[in-house]
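Residues per chain are reported as follows:
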Amino acid sequence: MNTSITSITPFLKWAGGKRWLLRSHKMAFDLNGIERYVEPFVGSAAVFFSLQPKRALLNDANAELIETYKAIKSDWKSVLDLLRKHQRSHSDDYYYQVRDSAPTAQATRAARFIYLNRTCFNGLYRVNRRGEFNVPRGTKNSVLLDSDDFELISRKLSKVTLQSGDFERVVDQCGSGDFIYADPPYTVKHNNNGFIKYNEKLFSWSDQERLKDALIRASDRGARVLVSNADHPSIQELYADATCAIVKRHSVMASESERRKLTTELLISIGR
Ligand SMILES: C[S@@+](CC[C@H](N)C(=O)[O-])C[C@H]1O[C@@H](n2cnc3c(N)ncnc32)[C@H](O)[C@@H]1O
């Protein structure tokens, strides 16, 4: 697969987004000899948009997120037209009106998702017990961005399979010829305190164990496997038989004063 291409800026702001990782560690994502690229936790698709593999399977437990990619893939013009409408109407009242709405058409739902992501507090995604998005309005007012190129994104998604659901179903489909990049929520042992809560359900420590077991099975079937995770003793212990590299990053979702703080994460290769 050709990897010398211009990176596309992700169009969503997403907790744990990995754009920064590709700037310094692109070599770890060598897709030579790979037939299909697989991301079970795709989020803002920062890695996919940087690598732009021709064949891919992208999955996330967040159904609205996957539906947004599907809408851009099949009808990016309608999504863009609706975003233009949101931009013209944007105000405090309008934000809460859109937040409280529950449209049924796919393009309308996608435009709502992108609008809320761009104008809500800190680009957070948080839902209540009923699965309703409940983040208040933030300080950003730009609904359309200079970096937006939904036509290009639609083209890049044209040969991509998009699925929504739990990671295990996806990882269990993988084997020889697949490259899996797994970037789960960063739960660590004894720390299931509700902060790492992307969806209605918390990603628990037993999910971390379930993920590792599924990735080992996929590696045994011949898949190449790369994992991002927290630089924490419990994760190092969980992946004790794999190759763990420590990577540095600037904290991104932290407050302004903490923005330049350096933290570390793990980049784990299984079975290589
Ligand atoms: C760290 S984020 C991925 C960020 C992504 N690499 C990026 O660059 O934006 C983790 C993702 O896992 C998803 N997720 C949480 N639990 C999941 C599960 N059981 N199966 C699949 N995806 C899940 C969340 O919705 C979130 O998008």
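Predicted model only: the values in this text are computed from it and were never measured.

1. Considerations on the overall build of the protein
And step 1. When its secondary structure is counted, the protein shows nine helices and seven strands.
And step 2. Across its three principal axes, the protein shows a C-alpha extent of roughly 55 × 40 × 35 Å.
And step 3. Going through the 272 residues of the protein one by one, you find that 35% of them count as buried.

2. Here we look at the confidence of the model for the protein
A low pLDDT means the predicted coordinates there should not be read in detail.
And step 1. Scored by pLDDT, the protein has a mean of 91; 90% of the residues are at 70 or more.
And step 2. Between residues 194–200, whose pLDDT stays under 50, and residues either more than four places distant or in other chains, the model counts 15 contacts.

3. Considering the sheet that holds strand E1 (residues 36–39)
And step 1. The sheet built from seven strands is open, its strands ordered E3-E2-E1-E4-E5-E7-E6 with mixed pairing. A single partner strand is all that each edge strand has here, and the edge strands are strand E3 (160–164) and strand E6 (243–250). Going from strand to strand, the sheet's axes swing by 15° on average, the running direction of each strand aside.
And step 2. Bridge count for E1 against strand E4 (residues 178–182) is three bridges, and the pairing is parallel. From the neighbouring strand, Val-38 faces E4, where its bridge partner is Ile-180.
And step 3. Each of strand E2 (56–60) and E3 touches helix H3 (residues 63–89); the most contacted strand, E3, lies at about 155° to it.

4. Details of the environment of Phe-41
And step 1. Along the chain, Phe-41 turns up in the loop between E1 and helix H2 (46–51).
And step 2. In the structure, Phe-41 is positioned 175 residues away from Ile-216 in sequence and 17 Å away in space, judged by C-alpha atoms.
And step 3. Beyond its immediate stretch of four places on either side in the chain, Phe-41 contacts Asp-60, Phe-167, Ala-182, Asp-183 and Pro-184.

5. Re the domain arrangement of the protein
And step 1. Looking at the protein, the domain boundaries give domain 1 (19–61 + 165–191 + 204–270) and domain 2 (65–151).
And step 2. Inter-centroid distance (C-alpha atoms) of domain 1 to domain 2 is 27 Å.

6. Details of the pairing of E2
And step 1. Within E2, four of the five residues are buried, which leaves it mostly tucked inside the rest of the structure.
And step 2. Taken together, the three bridges between E1 and E2 define a ladder with parallel strand orientation. Opposite Glu-39, over in E2, you have Leu-58 as the bridge partner.
And step 3. The parallel pair E1 and E2, bridged by H2, forms a crossover whose chirality is right-handed.
And step 4. As paired elements, E2 and E3 share five bridges and run parallel to each other.

7. Digging into helix H8 (residues 205–220)
And step 1. With 16 residues, H8 should cover 22 Å at 1.5 Å per step; its first-to-last C-alpha distance of 23 Å lies within 8% of that length.
And step 2. Along H8, the residues classified as buried are Gln-208, Leu-211, Lys-212, Ala-214, Leu-215, Ala-218 and Ser-219. Along the axis of H8, the buried positions cluster into a sector of 170°, meaning they face one direction only. Those residues of H8 that are exposed and angled more than 90 degrees off the buried face are Ser-206, Glu-209, Asp-213 and Asp-220.
And step 3. Next to the buried residues of H8 lie helix H7 (167–171), E4, strand E5 (224–230), helix H9 (233–238) and strand E7 (262–270).

8. A few points about the nonpolar core
And step 1. With 53 residues, the main nonpolar core has Ile-72, Val-79, Ile-180 and Leu-215 as its most contacted residues.
And step 2. For this core, the domains that each give at least three residues are domain 1 (19–61 + 165–191 + 204–270) and domain 2 (65–151).
And step 3. Residues contacting Val-79, with those up to four places away along its chain left out, are Ala-71, Ile-72, Ala-107, Ala-110, Ala-111 and Phe-150.

9. Focus on the site of the ligand
And step 1. Of all residues adjacent to the ligand, which total 22 residues, the nearest are Gly-16, Phe-41, Gly-43, Ser-44 and Ala-61.
And step 2. Its residues assigned to classes, the shell around the ligand comprises 11 nonpolar, six polar and five charged.

10. A look at the environment of Ala-63
And step 1. Mapped onto the fold, Ala-63 is located in helix H3.
And step 2. Note on Ala-63: 12 C-beta atoms within 10 Å, which makes it exposed.
And step 3. It is 19 Å that separates the C-alpha atoms of Ala-63 and Ser-158, two residues lying 95 residues apart in sequence.

Reading guide: rules and limits
- Residues numbered from 1 in each chain as written.
- Predicted model: local features only at pLDDT ≥ 70, side-chain atom pairs only at ≥ 80, totals over all residues.
- Helix = DSSP H or I, 4+ residues; strand = E, 2+ residues; numbered from the N terminus.
- Buried ≥ 20, exposed ≤ 12 C-beta atoms within 10 Å, placed from the backbone.
- pLDDT = per-residue confidence, 0-100.
- Contact = placed C-beta atoms within 7 Å.
- Pairing = 2+ DSSP bridges.
- Axes fitted to C-alpha atoms, helices over the stretch in contact; angles between N-to-C directions.
- Domains from an automatic or database assignment.
- Right-handed = clockwise from strand over helix to strand, strands pointing away.
- Expected span 1.5 Å × (residues − 1).
- Arc of directions from axis to C-beta.
- Core = buried A, V, L, I, M, F, W, Y, C linked by C-beta atoms within 7 Å.
- Near = placed C-beta within 6 Å.
- Nonpolar A, V, L, I, M, F, W, Y, C, P; charged D, E, K, R; others polar.

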